[in-house]
Amino acid sequence: MSHTTEATYVPIVHSASVSIEVAPVIQILEQLIEAANLSLKLQVTSIERKLSQKVRQQLSDEYQRPVFIIDDKGQLSLLTHHISVAPDWKSLQRRVVSAGRKSEMLLQACKLTDQSQVLDATAGFGHDSLILASTGAQVTMLERNPLMALLLMYEQHLMSQQANWQKLMVRLKVVCADSAQFMEALSAANQPEQEVSHSSYDVIYLDPMFPENSYENAATGKGAKVGKHMQALHHIAQPPDNTEEQRLLTLALNKVVPGGRVVVKRPAAAPLFAQSNPDESWHNDVLRFDAYFNKA
Ligand SMILES: C[S@@+](CC[C@H](N)C(=O)[O-])C[C@H]1O[C@@H](n2cnc3c(N)ncnc32)[C@H](O)[C@@H]1O
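Since the model is a prediction, treat every value here as computed from it, not as a measurement.

Conventions adopted
- Residues numbered from 1 in each chain as written.
- Predicted model: local features only at pLDDT ≥ 70, side-chain atom pairs only at ≥ 80, totals over all residues.
- Heavy atoms only, no water.
- Near = heavy atom within 4 Å.
- Polar contact = N/O pair within 3.5 Å; in protein donor to acceptor, adjacent residues only side chain to side chain.
- Areas by Shrake-Rupley, 256 points an atom, 1.4 Å probe, with all protein chains shown as cover.
- 1 Å grid on protein atoms, 1.4 Å probe; cavity = no way out; pocket = protein on both sides within 12 Å on 5 of 7 lines; lining within 4 Å.
- Sits in = over half its atoms within 2 Å of the grid points.
- Helix = DSSP H or I, 4+ residues; strand = E, 2+ residues; numbered from the N terminus.
- Expected span 1.5 Å × (residues − 1).
- Buried < 20%, exposed > 50% of the residue type's maximum accessible area, 1.4 Å probe, protein only.
- Arc of directions from axis to C-beta.
- Contact = heavy atoms within 4.5 Å.
- Pairing = 2+ DSSP bridges.
- Axes fitted to C-alpha atoms, helices over the stretch in contact; angles between N-to-C directions.

Enquirer: What's the story with the site of the ligand in this structure? I'm lost.
Expert: Neighbouring residues of the ligand: 20 residues in total, closest Phe125, Asp128, Glu143, Ser179 and Asp207. Note that an oxygen atom of the ligand is positioned 2.9 Å from one of the backbone N or O atoms of Phe125. At 3.3 Å, a side-chain N or O of Asp178 approaches a nitrogen atom of the ligand. Relative to its unbound accessible surface of 610 Å², the ligand loses 95% to contact with the protein. Because more than half of its atoms lie within 2 Å of the grid, the ligand is assigned to the largest pocket.

Enquirer: Help me out: how do you make sense of helix α10 (residues 242–254) in this one?
Expert: Each full turn of the α-helix corresponds to 3.6 residues, which orients residues three or four apart in the same direction. The end-to-end C-alpha distance of α10, which contains 13 residues, comes to 18 Å, matching closely the 18 Å that a straight helix rising 1.5 Å per residue would cover. Every buried residue of α10 is listed here: Glu245, Leu248, Leu249, Leu251 and Ala252. Taken end-on, α10 shows its buried residues confined to a sector of 170°, consistent with a single buried face. The exposed set on the far side of α10, more than 90 degrees from its buried face, consists of Thr243 and Asn254. Tucked into the core, α10 has its buried residues touching α8 (179–185), β9 (201–206), β10 (256–267) and β12 (287–293).

Enquirer: How should the sheet that holds strand β1 (residues 8–15) be read in this particular structure?
Expert: In a beta sheet, neighbouring strands are held together by backbone hydrogen bonds and run either parallel or antiparallel to one another. Read from one edge of the open sheet, five strands run β2-β1-β3-β4-β5, paired in mixed fashion. Only two strands of the sheet have a single neighbouring strand rather than two, namely β2 (40–47) and β5 (83–85). With direction set aside, neighbouring strand axes in the sheet form an average angle of 30°. With three bridges joining them, β1 and strand β3 (residues 67–70) adopt parallel strand pairing. Its bridge partner being in β3, His14 is matched across the sheet by Ile70. With respect to the sheet, helix α2 (residues 53–63) is in contact with β1, β2, β3, β4 (76–80) and β5, its orientation differing from that of β4 by roughly 60°.

Enquirer: Explain the sheet that holds strand β11 (residues 280–283) here, please?
Expert: An order of β8-β7-β6-β9-β10-β12-β11 is seen for the seven strands of this open sheet, with the pairing classed as mixed. In the strand order of this sheet, the two ends are held by β8 (172–176) and β11, each with one partner. Averaged over all neighbouring strand pairs, the angle between strand axes comes to 20°, with direction disregarded. As paired strands, strand β6 (residues 117–120) and strand β7 (residues 138–143) are joined by four bridges and run parallel to one another. For Asp120, the partnering residue across the bridge sits in β7 and is Met141. Helix-sheet contacts for helix α6 (residues 146–159) involve β7 and β8, and the interaxial angle to β8 is about 155°. Of the strands in this sheet, β9, β10 and β12 are in contact with α10, which crosses β10 at around 150°.

Treat this as a map of the structure, not an account of what it does.
Written as structure tokens, this is what we have:
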């Protein structure tokens with residue numbers, strides 16, 4: 001999707017004593033920004049201090065907006081509101097390997113084969129995309145926040161260098177786009193070819209933001225604490241309102257093949273997405289996956 005908006009300047013901070021070479025990291029990020037036409041411009045800053053937790057908090061307060069940091073091992077993270085997070089796909093290795101056994105509720109709900117084409121319409125840190133792609137399915141990952149999209153693209157680039165991740169990496173495609181606009185444009189003649197290889201998908205997956213307290217049990221007020229990744233996202237992404245939910249569900253149902261499905265992830269006790277009753281639902285104490293079938 002091409003961006004005509006003015007580029008956002010993003011600080012990217014590293015310690016002067018970092019033990020890796022920073023220039024190649026910046027070069028790759030700039031290449032990714034250019035190739036995906038992201039509306040971002042990096043402002044590289046080297047600081048004398050090490051990036052300890054205290055220094056990260058100071059940087060967060062100083063900038064008052066999301067900042068990229070490159071830590072002393074060369075890892076790229078997004079720092080926002082004192083929290084620094086990275087996709088860290090390696091940490092999912094065990095789940096990715098065992099996901100083939102369909103032990104994941106996400107996969108029970110999505111019912112994929114190695115021929116499936118999936119659209120993850122709310123990619124975030126890409127964790128669910130990895131589980132989806134572990135089945136052999138092809139996954140197009142949509143992320144509308146350009147900082148998050150760049151984090152995903154960089155992670156995919158890094159993991160593609162690892163021999164045991166390469167097969168999985170080629171099944172993922174990260175696109176920086178608003179998913180409603182992307183789905184609307186799927187059948188439009190003017191959609192740039194490099195971003196769209198399909199006019200419809202077997203499964204469209206939605207994991208939209210929800211209010212931070214949605215995991216709480218309505219009766220007791222207690223519940224699962226939101227993880228660090230979600231805490232960070234709550235500072236940079238908003239939950240959809242009812243109109244946006246309706247739009248996303250309607251578009252998604254129109255863009256799955258007959259017999260295909262739209263799967264929506266929700267906190268277990270959250271209200272129905274777009275106030276629509278699912279055709280089937282899977283849940284545990286924390287999460288719910290609601291599936292809507294294209295019965296055409
Ligand atoms: C709850 S997170 C998804 C987490 C993801 N499932 C994972 O496993 O990491 C939602 C993400 O979707 C993105 N998002 C929300 N609405 C979107 C939309 N309409 N189009 C594209 N991305 C969207 C947000 O910026 C955020 O990064």
